[in-house]
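Listed here are the chains, written in short residue letters.
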Amino acid sequence: MLHQLLGFCCSVHCCFQFCCFFILCVHCSLFSAKTRDLPRPCNETDYYYEYTECDSTGSRWRVAIPHSQGSCSDLPPPIRGTDCSFSCAAGEFLEMSTQQCTSCAAGSYSLGSGVRFDQWDTIPAGFTSLASYMDPGPYGEDSQACNSSWWTAQGVYLESSRDECTVALVYAVRLEKQGSVSFTYQYPDSNIFFEFYVQNEQCQEMVQNDAQKWITVTSNGEWDTHTVSLKSGTNILYWRTTGILIGGKKVKPVLLKNILIEGVAYTSECFPCRPGWFSSSPGSSSCQPCPRSTHSGKGATSCSPCPEDHYSNDGWAECKAKPPCSDKDYFQIHTACDSEGKTQVLHRWIEPKICVENVTGAVTLPSTGKREPCPPCNPGYYNANDSTCFPCPHGTHSDGMIACKECPAGTEPALGYVYKWWNVLPSNMKTSCFNVGNNKCDDMNGWEVAGDHIRSGAGGSDNDYLILNLHVPGFKVPSSLSGMTGGEFGRVTFVFETICSADCELYFMMDVNRKSTTVVESWEGTKDKQEYTHIMTWNASVSYTWAFQRTNQAVDARRYVGDMVKLYSVSVSNALDGVASACRACALLPQSSPERASGSSCVPCPAGYYIDRDTNHCKECPPDTRLAGRHTYGRDACVPCGPGSRGNKDHSSCYSDCSFSHTTEDNRTLTFDLSALKGVASLTNGPSFTARGTKYLHLFHVSLCGHEGKRVALCTDNVTDLSNNKDTQSDSAARLGNSVDSFICQSTIIPADGRGFRTALSSQSISLADTFLGATVDTVLDGVNAQTELFPENTKGVPDINFFFRSSQATASCDQGRSSVTTVRCNTEKPERGEVSVSSSCPAGTCDGCTFHFLWESASACPRCTEDDFHQIEGACKGGVQETLYVWNEPKLCTNGVSLPPRSFSPCEAIALWLKVGVGGGAFMAVLLISLTCYFWKKNKRLEYKYSRLVMSANKDCELPVADSCALAEGEEPEDDVVYTQKPSLLGKLRAIANKQDGGESSESVQLKSSQSEKWVWG
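Residues numbered from 1 in each chain as written. Predicted model: local features only at pLDDT ≥ 70, side-chain atom pairs only at ≥ 80, totals over all residues. Heavy atoms only, no water.

1. Regarding the packing of aromatic side chains
Argument step 1. By the definition in use, this model includes 39 aromatic pairs.
Argument step 2. Pairing Phe494 with Phe496 gives two aromatic rings, centres 5.7 Å apart and planes at 45°, and the pair type is tilted. By the burial criterion, Phe494 is buried, and Phe496 matches it.
Argument step 3. Seen in terms of ring centroids, Phe508 and Tyr532 are 6.0 Å apart; in terms of plane orientation they differ by 70°. Their pairing is edge-to-face. Of the two residues, Phe508 is situated in strand E38 (residues 505-512) and Tyr532 in strand E40 (residues 527-536); the sequence distance between them amounts to 24 residues. The burial state of Phe508 is the same as that of Tyr532; both residues are buried. (Phe/Tyr/Trp six-rings, centres within 6.5 Å; stacked < 30°, edge-to-face > 60°. Buried < 20%, exposed > 50% of the residue type's maximum accessible area, 1.4 Å probe, protein only. Helix = DSSP H or I, 4+ residues; strand = E, 2+ residues; numbered from the N terminus.)

2. Some thoughts on the nonpolar core
Inside soluble globular proteins, nonpolar side chains tend to come together where they are buried.
Argument step 1. Counting 45 residues, the largest nonpolar core has Trp447, Val472, Phe494, Tyr544, Trp546 and Leu567 as its most contacted members.
Argument step 2. Beyond its immediate chain neighbours, meaning those up to four positions away, Leu567 contacts Trp422, Trp447, His453, Ile454, Leu468, Phe494, Val495, Phe496 and Trp546. (Core = buried A, V, L, I, M, F, W, Y, C linked by side-chain atoms within 4.5 Å. Contact = heavy atoms within 4.5 Å.)

3. Some words on the pairing of strand E4 (residues 92-95)
Argument step 1. As paired elements, E4 and strand E5 (residues 100-103) share four bridges and run antiparallel to each other. Counterpart to Glu92 in the pairing with E5 is Ser103.
Argument step 2. Here E4 folds back onto E5, and the loop between the two strands holds four residues, one of which, Gln99, carries a positive phi near 55°. (Pairing = 2+ DSSP bridges.)

4. Considering the state of the cysteines
Argument step 1. A complete count under the given rule lists 21 disulfides for this structure.
Argument step 2. At a sulfur-sulfur separation of 1.7 Å, the disulfide partner of Cys42 is Cys72. Measuring the twist about the S-S bond at about 95°, one finds the Cys42-Cys72 disulfide to be right-handed. You can see Cys42 sitting in the loop between helix H2 (18-34) and strand E1 (47-51) and its partner Cys72 sitting in the loop between strand E2 (61-66) and strand E3 (79-80), a full 30 residues away along the chain.
Argument step 3. There is a disulfide in this structure between Cys641 and Cys654, and the S-S distance comes to 1.9 Å. Its S-S torsion of approximately -75° makes the covalent link between Cys641 and Cys654 left-handed. (Disulfide = S-S within 2.5 Å.)

5. With respect to a negative patch on the surface
Argument step 1. Together, Glu665, Asp666, Glu867 and Asp868 make up a region of like negative charge exposed at the surface.
Argument step 2. Of the residues examined, Glu665 reaches a relative accessible area of 88% and is grouped as exposed. (Patch = residues over 30% accessible without salt bridge, like charges linked within 9 Å, V, L, I, M, F, W, Y side chains within 5 Å. Areas by Shrake-Rupley, 256 points an atom, 1.4 Å probe, with all protein chains shown as cover. Salt bridge = Lys/Arg side-chain N within 4 Å of Asp/Glu carboxyl O. Lys, Arg positive; Asp, Glu negative; His and termini not counted. Charge placed at Lys NZ, Arg CZ, Asp CG, Glu CD.)

6. With respect to the pattern of salt bridges
Argument step 1. One pass over the full model with this rule turns up 17 salt bridges.
Argument step 2. Measuring nitrogen to oxygen at the nearest pair gives 2.6 Å for the salt bridge that ties Arg240 to Glu195. Here Arg240, found in strand E15 (residues 233-243), pairs with Glu195, found in strand E13 (residues 192-199); they are 45 residues apart in sequence, far enough to count as distant.
Argument step 3. Look at Arg240 and you get buried, because its relative accessible area is 12%.
Argument step 4. The buried category is assigned to Glu195, whose relative accessible area is 1%.
Argument step 5. We note a salt bridge from Arg371 to Glu340, for which the minimum N-O separation is 3.2 Å. Of this pair, Arg371 sits in the loop between strand E26 (345-349) and strand E27 (372-373) while Glu340 sits in the loop between strand E24 (330-334) and strand E25 (342-343), and the two are 31 residues apart along the sequence.

7. A short note on the sheet that holds strand E65 (residues 835-837)
Argument step 1. With respect to topology, five strands assemble into an open sheet ordered E60-E63-E64-E66-E65, the strand pairing being mixed. Two strands in the sheet have a free side with no partner beyond their single neighbour: strand E60 (771-776) and E65. The sheet shows a mean angle of 20° between the axes of neighbouring strands, taken without regard to direction.
Argument step 2. Bridging between E65 and strand E66 (residues 851-858) involves three bridges; their strand directions are antiparallel. Opposite Val836, over in E66, you have Trp856 as the bridge partner. (Axes fitted to C-alpha atoms, helices over the stretch in contact; angles between N-to-C directions.)

By themselves, these observations are geometric and do not establish any function.
So, in C-alpha cells, the structure goes:
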C-alpha cells in the first residue's frame, strides 16, 4: 500500500518534495500505533529495501518492506536514496543497507549499470516470443498457421523460426539514463529478413536509420555484433525475423547470443554463474566456461575434473560416460612425402577422444597402410629430389612431372594455380573447423588431404562448419589476353562430389577485399562428380571458401561422420602470384624494336586485337566479331556475331543496334526499326504465394537493343545490402554488393503490404542474360529454343523476331547457365514502348528454371512502311477532272517508313475513247445483223411462194403435171426451183444449190403423190 501511495504521489508530480516525506512519516506513525503490542522489533532478516519511483526532480527514497506484513515492528524509517542516475561499476552491486557499491563475491558477476543475457537453456524471464502472420486473411484465418513458430533456446544461443511466419523476440526494459543494447548474432541466409527496432511505452517506433534497423548478413559460421543507442525511459526491444521459402528451400535461422543492455539505474545483487561456468575472483563482470573434461554447478568458483571414463566439453555442467569406440571416432590421413618419395595412410582418433577402447564392442584403430609412391607435384611445381615440391621460377613452366623449362620465344607463362594432387595442403590454402554453439572443434582440421582429392574432416559434431579457404591476392591479365575487354580477369574452376545421408550442404563463397563474404552457390544433399566455374569480372583480392555442414540442426553428436565432400581439383587462372603450368603464345615486337633487342619480346595487343598465327603480330578483329573464349591467338579467336547483331568498337561484345531486316518467301524485304524499344522495360508478374501463403512478386528488367552493348538492366537488393550507403558506394562497390547488371535480370519482391513492412523488399537478384546471341525469326539459335507454343499464335502475318541471350554463369540447377528469349511481336494496338509479358503457363517466366521467355508486343515492332503497304483508288470523272486517293492496306501492319502520297487530280473526258470505239462497233454490228436478217427473210418468202405454187399445181384435178410444167419459166432463177420432199435444213439447202450448179442447165423432176400431199404442206 505504501509503495502504491508513493508511486501515485510521484506520478502526479507533487509540487513539493516534502509531500512524499510527510506521507511517509504519517504512515510510519500510524503503523507504529497499530503494532504497538507486537512482541519483538524487526531485524535485518525480516525486511528488505527498495527504492521508490523517481520523482520529477530525479530523487527517490529508500524504504524498508517487510517480508510478511505484521510479523515484526519498528521498521527502519525511510531515508533519502541515491540519485536516480547513480550506478555501480562492473563487478559491483549496490548494497541497499549502506547504499554503497560492493564487489561481487567469487562465483558471481555483475555488469554494474547493465544486464547481460548469455544463458539460453530456456528463454529468460522478461522475454516473450510472438509469432504472427503479417498478411492475414480478412477474418484472421491465417493466424493459426504460425501457432507453432517461436524463438527456441539452444543452450548457448537462441534460434529463430525456420518458416515463413514473422516471429518477434520482445523484451521491455526501463532505463534511468541513456544507454544502449548490443547483441551478438549470426545471420547467414538472405532468404530470411532480420530486423531490430525499438518502441517506447506508447508503442511508437523510435527513429532509426536503415543500417540500425536492418541487420547485415554474416558469413556462414561467423558472428557479428550489432549495437543501438537507447533513450532513458521505457524501451521495448524487438528482434523480428520473417522467412521467405521460395522454391521450397528451407532458410537458415538467425542465431542470437550475449544480449547486453546498458543504462539501468542500479544492480542490487550479483548474478551467480550458471552451471558449467565459474568465477574464481571477487568483483568479476563475467563468468568463464569450464574447460573440457571438467564441470561445475551454479555459482561455482572453480571447475571439478571429470572421472577418467567420463568426458565433457566446454561449459558442461555434468560429465557423460564415454561410449565404446566405433568407426565414427577416427579418421584417416595421408602422411607427407618422406625422403624416399613415399607416403602412407594413417588413422587417428578424433580429438578430443570421447570413447573407450578396452570394453566389449569397441573398435581399435586400423593398422597403418602400406608405403606408396607420392603423387606427382601439381602443375607449375617441380621436385627437387627431396620429396618436396617447389614453385617454378618466374618465366618457366612445368606440368609437375618434369623439371621447369623456360617458355619458348613468342610465348609467355600462363600463370595461375592448378591443384589436382593432394599430398599436402598448398601454402595459400587453410583449413579450419567452426561450430556456432561452441569451440570444441577449433583445433581440428576441417579438411584432410587424400592423394587424388581433399575431403571434409570428421569435426566435433555434425553441425560443424568444415572450412577450406584459398586466398588469391589479385589477378593479372597476361599480355596475350590484353585485347579482351569482356570483363573477365580470371576464373576459378573446381571438381567435386558430395556423399550425404542427411541434410548436408556445401557452400562456395568469396570474400572480396576482406569486406564481406558472399555465398556464390550452394549444393544440398548428394551430388555426383561435377565441375563448377565462377568468373571474376573485376580485379581484387579475393578469398574463396568451401564450407561443408553435415546438418544444420542443433545437435551435439557425430551420427553422420560418413557424410563428406570430395574436392578433386581446383584451378585459378591469371592469379597474381601464380605459377605456370604451360606457356601461351603472345604478340611480338617488330624486329627493329629496341625493346625486342633488350629481350622483352612480348607486347600486349590493343583492345579488340588478336595475335596473327603467321606473324605473331597484333591484328584487329574483323567488323561484327568479338573476342571470345579464353585466348586471342589466331583468327578463330574472333567469333562472328550472331544474326541480327553487330560488334562494338573494342570487339568485346555483340549487340543489336535496334534495326532488323527479313526477306519473306515472296522476296519482299521487311525492315524493322526498334529504336523505340531501346530503353529498359520492367515487368512485375504475380502475385505468387508460397506454401504458407506468403505473397511475393517477380520483378524483371529487360533491355533489348542499343547502348553499344552495355548491360543497362539493373536489379538490386535493398535488404541485405543496406551497408552500401550513398556516401561510400562506388561503381566497384555496387558490383561487389547485391546489385546485378545484365541485359535481363530478376528480383524477388515482397510487397510493402505483404508482410507488414513499410517499404517493399527486394532480394535474390540474379542475372538471366549477360551475352547477346543474336536476333532472328527462327525459333532456335545456339541451342536455345524460343518455344513459341508458350504464347498465343501470331495471326498478323508479320513474323516475330526472337532475341536470344545467355548467362554463362553456371548454377547448381543450370550447369550450362541460364538463357533467355525475348520475342518481339508486331501489335498495332499496343503503344510504341509496348508491353512485356510472360506465358500464362509459366507465370514465373520459366518452365524449367533455366530458360526464360518473354513476349514484347509493340506497334514499333511492325516493319517500316513501303509502297507495297498501300494502294490507290481513282474517283469518277467529274467536270473533266478525276481524283486519285491512296489508302493503307487493311489491316495496317507497318509503321513509319514511307508516307501516303497526297491525293492527285488529272484531266479526263466524259466518254472515254475506248467507250466510243466500243459503242461505234456495237452500232455497226447491229445494223449489219438487221440487214442480213431482212435479206434472208425476203429470200425465205420467195421460196415459200414458189413452193406453194408447185404444191397447188400438183394437186389440181389429181392430174400429173405435164412434162414441161416443171420447166423453168422465163425470168425465173434456177437456184429457186429445187423442191424438197421434206423440210429442208440449211445444210441441205446449201448442198442442193451446190448440186444444181454442178449440173448446169439440167432440171430435176420430183414424183408427186396426191395421197401424201399433206406432208408437203408447210407446217
